[in-house]
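Below are the chains, spelled out letter by letter.
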Amino acid sequence: GSGIVFGDGTTRAVATGNVLADNTRGIFSAGATGVEIRSNTVVGPGPLPPDGQAESRDGIVCLGLRGLLTDACTVAGNTIRGWPGSGLVAQLVSRVQLLNNTVEDVGRRGVHLRGATETEVRGNSISGSGQGGPGQYDGIELELDEHDVPTLPERLLDLVDVLLDRPRFPCPRLLAPDPSQ
């Protein structure tokens, strides 16, 4: 099972300062809002599991259970290493923050944003991602859900807005660390 689970309907819960090792999944938040996951150490069974199964074996997951979920999680200052899947996953969520985490030696992606909008990814250190399939996985991957893909007229409007410096299509922001912090 998972080391810690925040289930559907949970609000404003906090997981901080925990050490979790060798679970099927580290910390899993599904359908919960206002969850803070801070300063935990989440260690998996290794990037290459003996059974070959990496799917759904991720370090920390923030998931919108029934569709796009706003303000689901803040994930900050965690150390995540040795997971067959991805280190951090944000899926079907909006306005999530993934800040100053360390992700090491995972089988797939360091950070996987899937159908996540208006999400901030900043100050994370990612090394050794993609060990389950060299050359197949990225350190940070942004993947749109099929419901997030704009139509051609929407794309044209987005282009006009970008040219006029007023983007209207929400997308994840990847920011460099703030040197003043």
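What counts, and at which threshold
Residues numbered from 1 in each chain as written. Predicted model: local features only at pLDDT ≥ 70, side-chain atom pairs only at ≥ 80, totals over all residues. Heavy atoms only, no water. Helix = DSSP H or I, 4+ residues; strand = E, 2+ residues; numbered from the N terminus. Buried < 20%, exposed > 50% of the residue type's maximum accessible area, 1.4 Å probe, protein only. Contact = heavy atoms within 4.5 Å. Areas by Shrake-Rupley, 256 points an atom, 1.4 Å probe, with all protein chains shown as cover. Disulfide = S-S within 2.5 Å. Pairing = 2+ DSSP bridges. Axes fitted to C-alpha atoms, helices over the stretch in contact; angles between N-to-C directions. Salt bridge = Lys/Arg side-chain N within 4 Å of Asp/Glu carboxyl O. Phe/Tyr/Trp six-rings, centres within 6.5 Å; stacked < 30°, edge-to-face > 60°. Lys NZ or Arg CZ within 6 Å of the ring centre and 35° of its normal. 1 Å grid on protein atoms, 1.4 Å probe; cavity = no way out; pocket = protein on both sides within 12 Å on 5 of 7 lines; lining within 4 Å. Points joined across faces, edges and corners; volume = space filled by probe spheres on them. Core = buried A, V, L, I, M, F, W, Y, C linked by side-chain atoms within 4.5 Å.

A. Up close: the overall build of the protein chain. Helix and strand counts for the protein chain stand at one helix and 19 strands. Looking at the 181 residues of the protein chain, the share that counts as buried comes to 43%. Contacts spanning at least 24 positions in sequence make up 56% of the contacts within the protein chain whose residues lie at least 6 apart. Element-wise, carbon and sulfur atoms account for 50% of the exposed surface of the protein chain, whose accessible area totals about 9,200 Å².

B. Region of interest: the state of the cysteines. According to the stated counting rule, one finds one disulfide in the structure shown. The partner cysteine of Cys62 in its disulfide is Cys73, sulfur to sulfur 2.3 Å. Residues Cys62 and Cys73 are joined by a disulfide whose S-S torsion is about 100°; by sign, that bridge is right-handed. With Cys62 in strand 7 (residues 60–63) and Cys73 in strand 9 (residues 73–76), the pair connects residues that are eleven residues apart, well separated along the chain. You can call Cys62 buried: its relative accessible area is 1%. Assessed through its relative accessible area of 2%, Cys73 is described here as buried.

C. Main features of the sheet that holds strand 15 (residues 111–114). Strand order across the open sheet formed by six strands is 1-4-7-11-15-18, with parallel pairing between neighbours. Both edges of this open sheet fall to strand 1 (2–6) and strand 18 (140–143), since each of them pairs with a single strand only. Adjacent strand axes in the sheet meet at a mean angle of 10°, parallel and antiparallel pairs treated alike. Relative to strand 18, strand 15 runs parallel, the two sharing four bridges.

D. The arrangement of the pattern of salt bridges in detail. All told, the structure shown has six salt bridges when counted by the stated rule. Of the charged contacts, one joins Arg38 and Glu36 as a salt bridge, the two residues approaching to 2.8 Å between their closest N and O atoms. Residue Arg95 pairs with Asp71 through a salt bridge whose shortest N-O separation is 2.6 Å. Pair noted here: Arg95 is in the loop between strand 12 (93–94) and strand 13 (97–99) and Asp71 is in the loop between strand 8 (69–70) and strand 9, with a separation of 24 residues, a long-range link.

E. Molecular detail of the packing of aromatic side chains. Within this structure, the stated rule accounts for zero aromatic pairs. The residue whose ring lies beneath Arg25 is Phe28, and the NZ or CZ to ring-centre distance is 4.1 Å.

F. Focus on unusual backbone geometry. Within the chain, Asp22 stands out as a residue other than glycine whose phi angle is a positive 60°. Here Asp22 is to be found in the loop between strand 3 (19–21) and strand 4 (25–30). The exposed category is assigned to Asp22, whose relative accessible area is 58%. Positive phi values are uncommon outside glycine, yet Asp71 reaches one of about 55°.

G. Spotlight on the layout of surface pockets. Here the largest pocket is characterised by a volume of approximately 260 Å³. Lining the largest pocket are 17 residues, and of these Glu55, Ser56, Asp58, Val89 and Gln91 sit closest to its centre. Elements with a minimum of two residues in the lining of the largest pocket: strand 4, strand 7, strand 11 (88–91) and strand 15.

H. Structural view of the nonpolar core. Core analysis: the biggest nonpolar cluster contains 29 residues, and Phe6, Ile27, Ile60, Val93 and Leu98 have the highest contact counts within it. Those elements that place two or more of their residues in this core are strand 1, strand 5 (35–38), strand 7, strand 9, strand 11 and strand 15. Discounting residues that sit within four places of it in the chain, Val93 has contacts with Cys62, Leu63, Gly64, Leu68, Leu69, Ala72, Gly115, Ala116, Thr117 and Thr119. Phe28, Ala30, Val61 and Leu63 belong to the second-largest nonpolar core, a separate cluster that totals five residues.

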